[in-house]
Structures are given as structure tokens and as C-alpha cells.
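Residue-level structural notes
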Amino acid sequence: MNPQHGTRQTNMPGPETDKPLRMVPGAGEHTDADGVLRTFTDPGATVARAPTAREAIARFLTARSNDLGTGPLDLRETDTAEGAATLRVRYQQYHRDLPVLGATVQAVADVQQSGVVQVDHRAELDVSQAPDPAAARPLDDVTPAALAPFRDGFEAAVVIRDELGYLRDASRPPLPEADYPTASVALLGQGRAPDGELHLVHDLLVETTGPFEHFRVVVDAVSGTLLFLTLASKYVTAQLRVFVPDPVTESGDGSLHGGSGVAALDALCHDVQAEIAPADGGRFHLDGDWFACRDWDPPPFPQPEEAVPSFRYPPFPADRAFLSANAYYWLDSFARYLRGLGNATLNAHMVKVEVDAQAWNGQDQSSWHGTLTPPRIRFGEGGAPDAGDLGVIAHEYMHGVFEFLGAQHGGSVSYEHSLCDAVPVIYRDRFDPLGHRRTETFPFDNNPTDQWSTERRLDRTERFDDLGFDGYGFNLRNSMLGSALWRCYLGMGGDSPDPAVREAAADAIIRTALEMLLIVPDDDSQEAAHAVSMAEGCIMADAALTGGLYGKVMDQAFVDQGLWPPRPVDVWIGDSDTDLGALPSGEPSWSSPDIWVRHHGPAGGDDPELGHEPPVNGQPNHLYVRVHNRGSQAAAAGAFQVEAFRCDPGTGMIWPTHFRSLGTLLVDQSIPAGGAVRVGPFVWTPQTAGQECLVAVVHGAPDPAVTATLNGPVPHGRLVRFDNNVGQRNVAPQQAMPGGRTHMTITLRGAPDATRGIWRLDASALPDDSRVSLRTPSRLTRDAELTGLTVTDVDPEHTTVEMAGGGTATIDGFALEPDDRVTADVTIHLSHRAEHLRSYPFVATQYQDGVHAGRLTIPVTAVGEPDDHGLRSG
């Protein structure tokens, strides 16, 4: 065992002891044209060490003062900050007791190593031409020049802060590309060009009203000339108190309603943050980039304003202001979320909306008003107040999304409501970790006490091809299409127990729905054909966005809701012994019985139907694929082809990057409805010690495979799960004697982008006195959190960890670079108690940024007893 195991590694210098380790490209010393040391970087903290981090900084600045040129300077410590592992000390330069603005020296040290890691030197070495402070004009003399830029466009402007100091006039703040709401490009461009001289300046803070804003204004203190101005204020982070996402969803308690009482509802309030504008006249309001709370509809209720940016109120009915905070937070959060999905049209046309959360004269109503400028949303307070339910809040804004996208689909009485219901429910699901009341459109507002509809749900079983469809009302028809969209979401990953997978699925279906609205023609009909056009538009939108990755899953969801019949020809390759071509496939989806290998081909008299044989390294093997047809019509001979692929076993495999074709064969037989045919053999010579990951794809015009249309690389597991035309066999058989051991190599692969990884190891099927040993590159475990694992050995390149049978373990938090490969050697020490011919699977699963990236199963089969083979365990 490495003697340093269990203690923090001390960074050691390289062979040239006076030079920093080049852990970053900029490591080392950098001087300016005059030879002055301006930056020093030593990320390993190997050069400038001392007993403490602070002493290391002090020693460095003293020892290198000649190189830094700081000996004669007046440097004063003004700021010290210590993080989890570093100490930062900042020094401000002064001249004649006035600060030299922007002239600082900052030094950072590694606390654990007690060594300097970086010095940044921006002090002014030549201050010989600095004006005498006595030459400075008083503030009153320079104020007119400072306020002159604000005479037009503002009601008033006043100086609220002044600092006299020196400034090297060498640059200007960058100008925005477009006007800010309170500051035009022309205003921010006022002043004079920099001259590079050291000026004595008044550094002012100016406050304006009408509109309210803060500006930094710099005026030459000697001449009184305006040098430049810049916007000083930023949008404020405000504290709000809201439901997350609503009382019924969070608690699962359907008995909660608007009159449940303050105590019950207050327990379900949470502190959150949102961006609002700076204070106006010293008061903060619920007013930001995209929404402003305004009182414009009866009953009168002045909107909340606070002296500090905190809008924390007890819930309605104790304080009606709570409704404003709740509506503002969720509208702002939802709108920003939608903007992040990258729909250029939506983002370009989205405008600011005024919101009245106490409207409709207290009735139980809500509405979007797009004919007003600016648009308005009003929420009623009847029953459970509408502004207390995320579903209602986001529903009304979705009407605005339709208008922003230029899509007209009948408003409240046609299928526009389907998306206005479904999209908020899918968005809300990320805030519902316990899965309470997932398919209820408005869990709080439409509670059993105040229930106003039994139809507005997303688990409707009614179908568009029902004989009674003509008698269905518009609310039910909307909910039927909404239910189909919910099915799409579940199929795309919304059924996963992994929150990251569910969020990715929500992003995908909502992005698809927005894109669909740019594709489908306007329609205000309540007929099924309108719903069909929107469903088809979703699949076309997916084809444009992903190349059709989710198209088969959505097709199945729409078939299940009766929007159209199943495809006449539906070819498939099984994903497991229980799979019958379902979309999406369940788990396991990597053990296809329809892909198998034989050592010898039919020319030698071998019968392919005798089943799978583990591939043999270094000699020709023969791969077969069985293709089924679950359609109602036969697949014509010659209409399909099958292509087989191989990949080294491992996880994180990307399609098509990591796969190599074994060839393509035409399906020269007709595949009857409900029947199957065998295709093959594909002949290849494996070179991976008897272990192969095999993928087969059947493709043809009547039922195209997603691989034929994809517009970019994707994790290969998505193909198998989302397209029944794709099958995978990813099992590496290993044999071991009870008390013996077996060994294999597993490769963890990086994604197209850098990722944070988790490796979950499941040995629960092995007897508890079995052991699993993994030898990995140390970079996999160095910064990761190990659970269920014991470190048994460490050398400069590798770390060995061990886990017991009967349990699970994780390596959480390792980094993989784009297209990275990390190889781990796995040794399984099988228990003496293992039963002859019983299979004991060991499962390794990789996650990338929380998303499942692949799983490898190693079924270790116990063969005989140690004495049967003349062996003893040791």
C-alpha cells in the first residue's frame, strides 16, 4: 500500500525546484515591457511556501519587492477573504493619502499547502505626474458637468456619493449593443476619449428618477471635464415567499383548499429568490424584465412595495400580497425557462406583461389579454385563488406563448388549451420529487372542496377514435390531447426515477411543442383532425430538432390515444426476453435474445437455432438477427435491410462514434404480420478477448430506423429504448469456480462534452462473502466521493478499491473530458458458497451529469467445485 494513503498528497516540485508545475498553460512568471513582475502563477503551490498561507504571501511580497517594483509604493491591505482552500489578500495603492483607483496587488495562497498560488500586480509605479490634491475643485463646482447628461430623459438627477482619488485614464467601459431600459447607448457613450494620463478625479454615484437608476460618473477634479459614465445598478435579487409548486402537489393532501387556514398553508410556503428591478424612489416593486405586478382590475388592491427587496408574506387569505409574490415568481421562472429552450421566434417576440393577482372582482376566473399594450394577465381570488396554483399561472402565460409564436388554435374552446394545460404540468413535474398528483392539471385550484371540473386531467383514457367522440365536450377533448402529450413525456424519460432524466424529457417535449406551433397551420376547430394535425406536427418538429430521436415514442403515445391506428408494418428487434416490441422499451434493454452468435457458420453444418455462444477471440464468428413484425400487414421481401455493429464493451457509448459496422444484409424474405425471420450470418473476427457489444438495426421505408435520420451523435442507449428497430446485446459471459476469480476490463467513455460522472456498481446478486476489486486510473477516484468502497492500494497512476458482494457502491464526482476513455480492471472473487451453474450478475452503470449513459452486466457463472479442477483458493 502506498505510505501516503489516507493523507492529503503534498504537492511536490518538479526537477527544476524553482519553477512552478505547469498545471495550467499560464504557470510561471510574466513581466511587462519594463521587466516588472506583473503576474505569478503556481497552481501547485510548490515554490513560495511558509508555515502559514498568510506568511507565505507576506514573504513573497517582501522577497520579490524589487521584481514587483513595489518597494516605494504605499500599499494598504483592504480586503481579506478565505474560501474552502485558499486565502486571498488584496492591497490598495494610495498616493498622497488618496486611493489610486484600480491600482491593486492581489495575492492568493493555498491554505493546505501554505504556498502562494497567484499574484496579480496592477499598481501604478510611476505617479510622478500626479496632480496635487490641492488642485481639486470642490464637488459643487463639478456637479453641473456630472449631471448634464441626465437633463434629457430623466425627471431628476442628484449626486449621492463622491470619492476623490487618482485614476489612470487608459480605457472605457464597453458599450451595450442596444439601449437599456433606463440608459441609452448614446447616454453611456458621453464623455471624452482616454488619454492615458494619471488624473485627479471625482468618482461620483448619481441617482436618477423618472426613471430611477444609478450611474457611476467620473469627472476630472482639476478641469471639471466629464471623463465618462457607466451604468452602476444591476437587477436586484429579491426574497419572496411562495408555494413550491402548490400546497396539494407538495403535500399530496387533496383536502387542502383556499380556506384551509393560514397555519396549514403557511407550513407549505418556501423562501425563494427572483430578479426584480432596482428600487424606484427608494421602494422595491415586483417588477422585472418580463413581468410587473400592477393593480388595474377590480377589486382595488395596491401592489406590494418594500423598502428592502423582500416580499415575504403569510399566504392568502391572511395577506393578499402573497398572491402577487407567488404569481410573479412562477411567471418569471416559467418565462425564463421557456427562453432557455432556444426557440428564436418566441425569444424575439416575448414582451413584458402586466399582472394583476387580485382581479375579476374576486371571482374564480383568470385570463390572458393579448389585445392590450402591454399584454395583461389577471387572476381571480374565488375558491382557491388562481394565483396560488402554478398550473393556472403558467396556463395563462401559455396563451401568450401562442401569440408570441403567431399561432392561433382556438383559444379556450379548441386545442390551444391542450398545450396550455399539458406544458405547465410537465414543467411542474420537476418540482414534484415524490410524484404527488402528477396528472392533475390544477391540483390546488381544482381541489375537491372547490372543484369546478372533473375532466381537466392528463390521465384520460378516452380515445379520439371512440364511437362516442362526437358527444365529448371541448374540455374533455383538450384533456385527451393533453393526455397524449403527457404520454409522450413519460415515454421520452418522464417515467424515469432519475430526476435528471425526467427534466431532460420535459425539456425535449416542451421544446418540441413550441416548435410544433411554428409548423401546424392555424385552426380553431374542435374536430379530431385538428388534434391529429398538432400530433403530427410534434413528430415533424422532433424530426427538425433531433432528426427524429423521439418520433417513434410520440407515435406510440398518439396511437394509444386513438389519434391514428398503429402503422401497418412495424418491424422490431427484441430488447429482452419479455419485450414484444414496446415503445419505449423497458429495462433491461441491452440483452436482446434476437441477436446471437455462433462459432461456426451454416456452411459447416451448424444450426443457427441452437442459441448463443460467447464469441471467440481471433477467429471468424457468425452473428444472426431475428426481425419481427407486429404490424397488420406483411413486410414485403426486399423492403428492409439489417445492419450489424460492434463496440468494445463498456459504458457511455455514443452513436455512431464508438460503433463499427459488421455489414448490411437485405431481408430477402417477406415478414408476415405477427411473424419473424432470421437474418444472417454476419461474419467477423472479434479481437476483444471474447467480449463484444453488438447492435443490430433494421431499416426500410415502411418503418424507418431512427439511425437513418439522426442529425447528431446521441448516447446509444436512447436508440435502443426509443426505437424498436434497434436491438442490443451487451452481456460479457464469464465463468468462475466457487472460491475462484474472474477478470475483465470495462471502459467508461466520455460524452461529446465534458461531464461529471457517477459509476454505480451493483454486486447485490453475489454472495456476501464474495469480493469485487477494481483497479482504475487514479483520476477516476482522486476527487470523487466513494461509497461502499475501500481503497486497498494506490500507486502514482492507479488506485485499487474493493467492495463486498451482496451490496452496492458508487464512485461519484469524477470528471471525463469530451470523448474520454477510462479503463478499469475488474476482478470478481466468487464465494465458496456459489452454486454450480448458477449465474451471479455484476452490474456497472455509468451516469453523465446525472443522466444514464450505459450499463454493463457481467453474469459470473459458477462452474464445479475447486477440488473438481484440482485447484485450491488462496
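As shown above, the structure is provided for reference.
The present account deals with the structure reproduced in this document. If you're wondering where the values come from, they're calculated on a predicted model, not measured in any experiment. (Residues numbered from 1 in each chain as written. Predicted model: local features only at pLDDT ≥ 70, side-chain atom pairs only at ≥ 80, totals over all residues. Heavy atoms only, no water.)

**Considerations on the pattern of salt bridges**
Here is the rule we go by: We define a salt bridge as a side-chain nitrogen of Lys or Arg found within 4 Å of a carboxyl oxygen belonging to Asp or Glu. Throughout, exposure labels follow a simple rule: accessible area from a 1.4 Å probe, protein chains only, divided by the maximum for the residue type, with under 20% read as buried, over 50% as exposed, and the rest as partly exposed.
The final tally for this structure, using the stated rule, is 50 salt bridges. Across the pair D120 and R122 runs a salt bridge whose closest N-O atoms are separated by 2.7 Å. D195 is the partner of R192 in a salt bridge, and the nearest nitrogen-oxygen pair spans 2.6 Å. On the basis of relative accessibility, which here comes to 33%, the residue R192 falls in the partly exposed class.

**Digging into the nonpolar core**
The nonpolar side chains of soluble globular proteins are, as a tendency, buried together. Let me state the cut-off plainly: By nonpolar core is meant a set of buried Ala, Val, Leu, Ile, Met, Phe, Trp, Tyr and Cys residues that side-chain atoms within 4.5 Å join together. Between two residues, a contact is recorded if the distance between any of their heavy atoms is within 4.5 Å.
Among the nonpolar cores identified, the biggest contains 122 residues, and L240, L338, Y397, L419, I510, F558 and L563 are the most heavily contacted of them. The residues touching F558, leaving out its near neighbours within four places in the chain, are A484, L485, C488, A535, C538, I539, L563 and W564. L766, V772, V801 and A824 belong to the second largest nonpolar core, which has 30 residues in total.

**Some points on helix α1 (residues 53-63)**
Residues separated by three or four positions in an α-helix point in the same direction, a consequence of the helix having 3.6 residues per turn. We apply this condition: Secondary structure elements are defined from DSSP: runs of H or I of at least 4 residues count as helices, runs of E of at least 2 residues count as strands, and each element is numbered from the N terminus. Arc definition: directions from the helix axis to the C-beta atoms.
Those residues of α1 not exposed but buried are A53, A56, I57, F60 and L61. Looking down the long axis of α1, one finds its buried residues gathered within 125° of arc, a one-sided arrangement. Pointing more than 90 degrees away from the buried face of α1 are the exposed residues T62 and A63.

**Remarks on the sheet that holds strand β30 (residues 726-729)**
Where we set the bar: Each pair of strands is called paired provided DSSP finds at least two bridges between the two strands. Each axis is a line fitted through C-alpha atoms, taken for helices only over the stretch in contact, and angles between the N-to-C directions span 0 to 180 degrees.
Spatially, four strands are ordered β26-β23-β28-β30 in an open sheet, and the strand pairing comes out antiparallel. Unpaired on one side and paired on the other, β26 (660-666) and β30 mark the two borders of the sheet. With strand direction ignored, the average angle separating the axes of adjacent strands in the sheet is 15°. Across eight bridges, the pairing between strand β23 (residues 640-647) and strand β28 (residues 693-700) is antiparallel. Bridge pairing links A644 to A696 in β28.

**Some remarks on the sheet that holds strand β17 (residues 353-359)**
On the basis of which strands lie adjacent, the open sheet formed by four strands has the order β14-β17-β19-β18 and mixed pairing. Edge positions in the sheet fall to β14 (291-293) and β18 (366-369), since each of these pairs with one other strand and no more. For this sheet, the mean inter-axis angle between neighbouring strands, taken without regard to orientation, is 20°. Bridge analysis of β14 against β17 gives three bridges, and the strand direction is parallel. Of the residues in β17, the one forming a bridge with C293 is V355. Against the sheet, helix α7 (residues 321-339) makes contact with β14, β17 and β19 (376-380), and its axis sits at roughly 145° relative to β17, the strand it touches most. Running over the sheet, helix α9 (residues 390-404) touches β14, β17, β18 and β19 and is turned about 20° from β18.

**Considerations on the packing of helix α12 (residues 499-516) against helix α13 (residues 528-546)**
Which entries qualify depends on this criterion: Any angle that is under 35 degrees is reported as roughly parallel, and any over 145 degrees as roughly antiparallel; angles of 65 to 115 degrees are reported as roughly perpendicular and all others as oblique. Charged means Asp, Glu, Lys or Arg here, nonpolar means Ala, Val, Leu, Ile, Met, Phe, Trp, Tyr, Cys or Pro, and polar covers whatever is left, Gly included.
At a minimum axis separation of 8 Å, α12 and α13 run at an interaxial angle of 110°. It follows that α12 is roughly perpendicular to α13 by the angle criterion. Contacts from R511, T512, E515 and M516 in α12 reach M534, G537, C538, A541, D542 and L545 in α13. A class-by-class count of the residues in the contact of α12 with α13 yields five nonpolar, two polar and three charged.

**Digging into the side chain of D220**
Quick reminder of the rule: When charges are counted, Lys and Arg are positive and Asp and Glu negative, with His and the chain ends excluded. Whenever a nitrogen or oxygen atom comes within 3.5 Å of another N or O atom, the pair is scored as a polar contact, on the condition that within protein one atom can donate a hydrogen and the other can accept it, and that pairs from neighbouring residues in sequence are kept only if both atoms are in side chains.
Note that D220 resides in strand β9 (residues 213-220). No salt bridge is formed by the buried D220, whose closest oppositely charged neighbour, R192, lies at an N-O distance of 5.6 Å. At 2.8 Å, the side chain of D220 forms a polar contact with the backbone nitrogen of S223. When sequence neighbours within four positions are dropped, the list of residues in contact with D220 reads V142, H199, L200, V201, T225 and L227.

**Considerations on the pairing of strand β6 (residues 115-121)**
Counting buried positions along β6 gives six out of seven residues, so the element sits mostly inside the fold. As paired strands, strand β2 (residues 37-41) and β6 are joined by three bridges and run antiparallel to one another. Within β6, the position partnered with T41 by the bridge is Q118. Sheet analysis places strand β5 (residues 98-110) next to β6, joined by six bridges and oriented antiparallel. Paired with V108 across the two strands is Q118, which belongs to β6. The turn joining β5 and β6, which pair antiparallel and follow one another in sequence, is formed by four residues; a positive phi near 55° is taken by S114.

**Examining the pairing of β19**
Across the five residues that make up β19, a large majority, four, are buried. Note: β18 against β19, four bridges, orientation antiparallel. In the strand pairing of β19, S366 is matched with F379. Taking the residues that link successive antiparallel strands as the turn, the β18-β19 hairpin has six residues.

**A few points about the packing of aromatic side chains**
What counts is decided by this rule: Whether two aromatic rings pair depends on their centres lying within 6.5 Å, for rings of Phe, Tyr and Trp, where Trp uses its six-membered ring; planes under 30 degrees apart make the pair stacked, over 60 edge-to-face, and the rest tilted.
Applying the stated criterion across every chain yields a total of 26 aromatic pairs. Pairing W368 with Y397 gives two aromatic rings, centres 6.4 Å apart and planes at 80°, and the pair type is edge-to-face. Within this pair, whereas W368 is found in strand β18, its partner Y397 is found in helix α9, the two being separated by 29 residues in sequence. Judged by its relative accessible area of 12%, W368 is buried. Pairing F645 with W655 gives two aromatic rings, centres 4.7 Å apart and planes at 75°, and the pair type is edge-to-face. Of this pair, F645 sits in strand β23 while W655 sits in strand β25 (residues 654-655), and the two are 10 residues apart along the sequence.

**Some details on the environment of D220**
Take D220: its relative accessible area is 8%, and that puts it in the buried class. Along the backbone, D220 and E163 are 57 residues apart, and their C-alpha atoms lie at a distance of 12 Å.

**Section: unusual backbone geometry**
For the bond running from W655 to P656, omega is 0°, close enough to zero to count as cis. Here P656 lies in the loop between β25 and β26. Residue G680 is joined to P681 through a cis peptide bond whose omega torsion reads 15°. The topology assignment puts P681 in strand β27 (residues 676-684). A positive phi angle, close to 55°, is found at N361, a residue other than glycine. One can find N361 in the loop between β17 and β18.

**Brief notes about the environment of M398**
Take M398: it is sitting in helix α9. When sequence neighbours within four positions are dropped, the list of residues in contact with M398 reads F334, L419, C420, V423 and P424.

**Describing the state of the cysteines**
Formally: Cysteine sulfurs are considered disulfide-paired once they come within 2.5 Å of each other.
Applying the stated criterion across every chain yields a total of zero disulfides. The thiol of C293 is unpaired, and the distance to the nearest cysteine sulfur, on C269, comes to 16 Å.

**Concerning a nonpolar patch on the surface**
Threshold: Any residue with relative accessible area above 30% and no salt bridge may belong to a patch, with like charges joined within 9 Å and the nonpolar Val, Leu, Ile, Met, Phe, Trp and Tyr side chains within 5 Å. We get accessible surface area from the Shrake-Rupley algorithm with a probe of 1.4 Å; when it comes to residues, only the shown protein chains can shield them.
On the surface, a nonpolar cluster with roughly 240 Å² of combined accessible area is contributed by L518, I519 and M540. By the element assignment, L518 lies in the loop between α12 and α13.

**Topic: the packing of α9 against helix α10 (residues 416-428)**
Definition in use: For any pair of crossing helices, the crossing counts as left-handed if the nearer helix is rotated counterclockwise from the farther one by less than a right angle, and right-handed if it is rotated clockwise.
One way to put it is that α9 packs onto α10 with a least axis distance of 8 Å and a crossing angle of 130°. Judged by the angle between their axes, α9 and α10 are oblique. In the packing of α9 onto α10, the handedness of the crossing is right-handed. Judged by residue contacts, L390, G391, A394, H395, M398, H399 and F402 of α9 engage E416, H417, L419, C420, D421, V423, P424, Y427 and R428 from α10.

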